[in-house]
Amino acid sequence: MMYSSLVIGALTILISLDRARSKVPLYVGGILGSTDDSWSKYANFYNILFKVAFEEINKTDILPNHELVFVSKNSKADPGLAAQCLFEHINEEPVKVAIFGPPKSDPYQIVGQITPKFNLIQMSFLAKTSNMIDRNLYSSTFMTNYIEDDLNPARLAMIKYFKWTKVATLFYNEEIFVSQMHEFHKLLDDENITLVTSGLIADMEAVEVVIKRLKQYGARIIIGAFRSTKAPEIFCQIYKQNMYGKKYVWILTDSLYSGWLDRLEPGDAPGCSIQNIKDAAYGHFTLGQKQLRTDHIVTISGQTAEEYNSWMKNISSQYDPSTHLLSKYSPWAYDAAWALAVGLNNSMKYIGNNKLEDFSYNRSDIYDAIQRGMSEVFFQGVSGAVSFNNGRRVGPAFIHINHEDRNDVAKYEPLNNSIEWWRTPQSLFPGGIIPRDSFQYVKRRFQQSYIGLTIVGLLIIIGVAVALGFLVFNIHYRKNKNIKMSSPRINNTIIGGGLLIYVAVIIMSVDYSESLPCLNHHICMLNVWIISIGFTVVFGALFSKTFRVHILFTQGMIKKQTIKDAHLFGLLGVLVLLDILFLTLWTILHPLRLLEKTVEVELKDSDTILVETFHVCYNEYQSYWLSAQYISKGALLALGTFLAWETRHIKVPSLNDSKYIGFCVYNIVVVCALCVPVTFVLPPEKPTAKYVFTSIVCVFTTTLVLCILFIPKVKLRKSTDTIRFNQSLGKQNNLYKKSCKIGNEPTKTTNVSAVEEFGSDFNQKILEKNTINEQMSKTGSDIKLISVESEKISTNSVSENADLRKQREDQKDFNCTSL
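Here is what the cut-offs are and how they apply
- Residues numbered from 1 in each chain as written.
- Predicted model: local features only at pLDDT ≥ 70, side-chain atom pairs only at ≥ 80, totals over all residues.
- Heavy atoms only, no water.
- Helix = DSSP H or I, 4+ residues; strand = E, 2+ residues; numbered from the N terminus.
- Contact = heavy atoms within 4.5 Å.
- Areas by Shrake-Rupley, 256 points an atom, 1.4 Å probe, with all protein chains shown as cover.
- Phe/Tyr/Trp six-rings, centres within 6.5 Å; stacked < 30°, edge-to-face > 60°.
- Buried < 20%, exposed > 50% of the residue type's maximum accessible area, 1.4 Å probe, protein only.
- Lys NZ or Arg CZ within 6 Å of the ring centre and 35° of its normal.
- Polar contact = N/O pair within 3.5 Å; in protein donor to acceptor, adjacent residues only side chain to side chain.
- Pairing = 2+ DSSP bridges.
- Axes fitted to C-alpha atoms, helices over the stretch in contact; angles between N-to-C directions.
- Disulfide = S-S within 2.5 Å.
- Arc of directions from axis to C-beta.
- Core = buried A, V, L, I, M, F, W, Y, C linked by side-chain atoms within 4.5 Å.
- Salt bridge = Lys/Arg side-chain N within 4 Å of Asp/Glu carboxyl O.
- Right-handed = clockwise from strand over helix to strand, strands pointing away.
- Patch = residues over 30% accessible without salt bridge, like charges linked within 9 Å, V, L, I, M, F, W, Y side chains within 5 Å.

Quick word on the overall build of the protein chain
- Each helix and strand counted, the protein chain has 23 helices and 24 strands in total.
- For the protein chain, contacts bridging at least 24 residues in sequence account for 73% of all contacts bridging at least 6.
- Counting only carbon and sulfur atoms, one obtains 55% of the accessible surface of the protein chain, whose full area is about 39,700 Å².

Things to note about the packing of aromatic side chains
- Overall, the coordinates contain 35 aromatic pairs when judged by the stated rule.
- Consider the rings of Phe-162 and Phe-429, whose centres lie 5.4 Å apart with planes at 85 degrees: the pair is edge-to-face. One end of the pair, Phe-162, is in the loop between α5 (152–161) and β6 (166–172); the other, Phe-429, is in the loop between β16 (418–421) and β17 (440–445), with 267 residues separating them in the sequence.
- According to the relative accessible area criterion, Phe-429 is buried, its value standing at 7%.
- Members of the aromatic cluster, joined through ring pairs, are Tyr-46, Phe-50, Phe-54, Phe-70, Phe-100 and Phe-125.
- Positioned above the aromatic ring of Phe-184 is the side chain of Arg-155, whose terminal nitrogen or guanidinium carbon lies 5.9 Å from the ring centre.
- A cation sits over an aromatic face here: Arg-220 above Tyr-248, 5.7 Å from the ring centre.

Overview of the environment of Leu-453
- For Leu-453, the position within the fold is in helix α13 (residues 450–476).
- What makes Leu-453 buried here is its relative accessible area of 18%.
- Discounting chain neighbours no more than four positions away, the residues touching Leu-453 are Gln-448, Ser-509, Tyr-512, Ser-513 and Tyr-691.

Quick word on the side chain of Ser-327
- Note on placement: Ser-327 falls in the loop between α10 (305–316) and α11 (330–347).
- Only 3.1 Å separates the side chain of Ser-327 from the backbone nitrogen of Tyr-329, close enough to count as a polar contact.
- What Ser-327 contacts, discounting residues up to four positions off in sequence, is Tyr-42 and Tyr-46.

Some remarks on the sheet that holds strand β8 (residues 221–225)
- The strand order across the open sheet built from eight strands is β7-β6-β8-β9-β10-β14-β15-β16, with neighbouring strands paired in mixed fashion. Each edge of the open sheet carries a strand with a single partner, namely β7 (194–201) and β16. Strand-to-strand twist across the sheet, computed as the mean angle between neighbouring axes with direction ignored, equals 25 degrees.

What about the state of the cysteines?
- Here the structure, examined in full by the defined rule, presents two disulfides.
- Note that Cys-236 is cross-linked by a disulfide to Cys-272, the S-S spacing being 2.0 Å. Given an S-S torsion of about 80 degrees, the disulfide between Cys-236 and Cys-272 has right-handed geometry. Residue Cys-236 is found in helix α8 (residues 231–240), and its partner Cys-272 is found in the loop between β9 (249–253) and α9 (274–281); the two are separated by 36 residues along the sequence. Here the two residues Cys-236 and Cys-272 agree in accessibility, since each one is buried.

Looking at the sheet that holds strand β12 (residues 384–389)
- Here we have three strands laid out as an open sheet, ordered β11-β12-β13, and antiparallel in their pairing. The sheet is open, and its two edges are formed by β11 (378–381) and β13 (392–393), each paired on a single side.
- Relative to β13, β12 runs antiparallel, the two sharing two bridges. For Phe-388, the partnering residue across the bridge sits in β13 and is Arg-393.

Observations concerning α9
- Within the sequence span of α9, burial applies to Asn-276, Ile-277, Ala-280 and Ala-281. Angular distribution of buried residues about the axis of α9 spans 125 degrees; they occupy a single face of the element.
- Where α9 is buried, its residues meet α8, β10 (284–288) and β14 (397–402).
- Of the residues flanking the end of α9, it is Gly-283, one or two places downstream, whose phi is positive at about 85 degrees.

Quick look at the pairing of β14
- By the criterion of burial, β14 is predominantly enclosed, with six of the six residues buried.
- Looking at chain direction, β10 and β14 are connected through five bridges and run antiparallel. Among the inter-strand pairings, Phe-285 is bridged to a residue of β14, identified as Ile-401.
- In terms of strand pairing, β14 meets strand β15 (residues 406–413) through six bridges, oriented antiparallel. For Asn-402, the partnering residue across the bridge sits in β15 and is Arg-406.

Thoughts on the nonpolar core
- Judged by nonpolar contacts, the single largest core of 66 residues is most densely connected at Leu-170 and Phe-235.
- If near-sequence neighbours (up to four positions away) are discounted, Phe-235 is found in contact with Phe-226, Leu-252, Leu-256, Trp-260, Ile-277, Ala-280, Ala-281 and His-284.
- If you look at the next biggest cluster of nonpolar residues, it comprises 64 residues, including Leu-26, Leu-126, Tyr-308 and Ala-337.

Describing the pattern of salt bridges
- Taken as a whole and assessed by the stated rule, the structure comprises 13 salt bridges.
- With a closest N to O distance of 3.0 Å, Arg-363 and Asp-365 form a salt bridge.
- Under the relative-accessibility criterion, Asp-365 is labelled partly exposed at 38%.
- One connected set of salt bridges, linked through shared partners, spans Lys-73, Glu-88 and Glu-92.

Describing the environment of Ala-154
- Topologically, Ala-154 is positioned in helix α5.
- In the structure, Ala-154 is positioned 245 residues away from Ile-399 in sequence and 8.5 Å away in space, judged by C-alpha atoms.
- Dropping the residues within four chain positions of it, Ala-154 is found in contact with Leu-287, Ala-397 and Tyr-412.

Observations concerning the pairing of β10
- Burial runs high along β10: five of the five residues are buried.
- Burial of the side chains of β10 extends over both faces: His-284, Thr-286 and Gly-288 are buried on one face and Phe-285 and Leu-287 on the other.
- Across three bridges, β9 lies against β10 in parallel orientation. Across the sheet, the residue bridging to Ile-251 is Phe-285, located in β10.
- The β-α-β motif built from β9, the intervening α9 and the parallel element β10 has right-handed crossover chirality.

Focus: the side chain of Thr-141
- Mapped onto the elements of the fold, Thr-141 is located in strand β5 (residues 141–143).
- We classify Thr-141 as buried; its relative accessible area is 1%.
- Excluding residues that lie within four positions of it along the chain, Thr-141 makes contacts with Tyr-108, Gln-122, Ser-124, Met-132, Arg-135 and Gly-391.

Focus: the environment of Tyr-138
- Of note, Tyr-138 is situated in the loop between β4 (121–124) and β5.
- In this structure Tyr-138 comes out as buried when scored by relative accessible area, which is 1%.
- Along the primary structure Tyr-138 and Pro-116 are separated by 22 residues, whereas in three dimensions their C-alpha atoms are 7.2 Å apart.
- At 3.2 Å, the side chain of Tyr-138 and the backbone oxygen of Gln-109 are in polar contact.

Brief notes about a nonpolar patch on the surface
- Together, Val-574, Leu-577, Leu-578, Ile-580 and Leu-581 line one region of the surface with nonpolar side chains, adding up to about 440 Å² of accessible area.
- Tracing the backbone shows Val-574 in helix α17 (residues 565–589).

On their own, these measurements won't tell you what the molecule is for.
Below, the structure written as structure tokens:
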């Protein structure tokens, strides 16, 4: 009995050895290797891995009549050398039925386009380039690794699961990301899902602009694709734009490696702290595939993934780790060897009377049979279920949530297009509420500030009251000699101009509060007209008075001439007419139009965005017209300043306003220099601030000008000083000095000019501007005698006796305005 058992065992061994010797070898070429960099030790280990894998395969009943033999060449990760290695494989015996590698993307793109020309199956286990999905170029490629594009079905399934219908995309300008997003956009279109906007980061300096654009378009669900090296700056801008938290969902990929947040250093994102970046990145999702499965399923090799990992680590430990080291991507390579074996085994039923060993580089029929066999591959590998769709691997994708750590929360299974959740989906979001894919927009007219309206209204009331008070004063005291000398009708015109500016502010308030919608289409230019004409009336009238004083007191000799108020009104009319012509051209050619603008206000802790509408006056050419207007008004102020300077020595408060003109112009220039730029800087999105600021400036400056001009006149109304004018100018041939004695006191009047109309008598050469007050004549009070020179004015106090009074009473009176 024992003898029989030994015989049977020996026969079994002999049969097995005979089968091994009778198996036909099928050669597989490898294009591996790398340069002498940190990755070369991983590349070197793939040679060992494939040889071990094929040894394991040859022990199974897969390809029972064949054995796989691996022959490798080193391309040093160079595209040109990779192509050379391929041609060496082709030209050297024996014939290769398939090619493994290259593992790097750039060499693979070259070799992958050549192998179809020689009917060679090519297995990719690491190269990641989106170009490989083009079956016209890479028709012989089968991948056991994944590329970023393979995550698109998982993205789409997640979007549909949460019933989101609007999404946005954000990706870096790199071929691997651009390709997958283009494909994803096509999937969105096929599923009738709205792409709100798409942000392409071509330059990291433009990240802020791209993120702002996402927010501007109301993106809530953002699908992103970029590397960990770019993530700090991107999440910094996400933090600054407040696009994180429970209102937003960021779905990224595992190109953001696990633990990148723990490796942040100060300065990685200028303008943001490490905590800012962590806050913005908290709770984002990542999608990715696993290199090594985590369950305990027994794979095609007869091992679980855990057993495989221990076994492969044991093999790796037998080599120098500085030259040969196990990579985390090794499960993809190991499954690639099994996939080729299963595919070749499947193809045998399609080759008819041919055999696999009959393959040559011109046997397209055998190549087509192998292609069909590879398309039918399906098995449980150490990296997961392995199958192909147009050469691309079909496998599960995993969904991770990123809080302090990265945790698996779900698995997407492409075979049945479903998501298996390992945690309640609602618990993944803050507050347990699934975010909406868009904001709810509520449109309304912007809320006017009643406080602002009240403040402006009170200021208008005060300003109008002050102006009307000065107007009543002018009318009541119009016959007062001091008020009369200041031209009360011109003063009333100045007050009228101020009231026009107050009216303009009232119209601004009407526009702001929308009290009279019927004015909406005309209110822009109406306001411009009123303010412009009001300004011209105020300062034109003021400067015309000063012009009269300039004419009277700065001539080379005194001539009899009449400059009445009518002349001044004529001069003012010319200025107003020029203003009207300018404004008419503006209104006809490029009038300001009332445009409706909107500003979005995002409510805190709400999915509602208020879209507030407001009106602005705008024309694309308005800057040119405004510049011309500022120049013309500035020229008017400059002219007034010149006249004030020329008449600065005329010390007659009731007649000369030069000092007050200086104060007015100074205040106007200072206020405008400070406030006009502010009105341009204030954004139209803040209509209340712009309205209140502009109104306060207009009311304040107008009231200030009126107070500067009229408060001194209010004080001057009770002045009892009698003013006499003795005009003398700088021409020496018309000047002489004369002394006289009045009473017991000597009196000197110097630089008296000759007036031809009065003959040679001294009394006829004195030009009196006002009648001496009778009461002062009786009491003998001191009076002022003013001698006006070309450069200065001298005042001499003299005592008036009875004889001189008698002589002066006979002189003809001359009104100031008739000189």
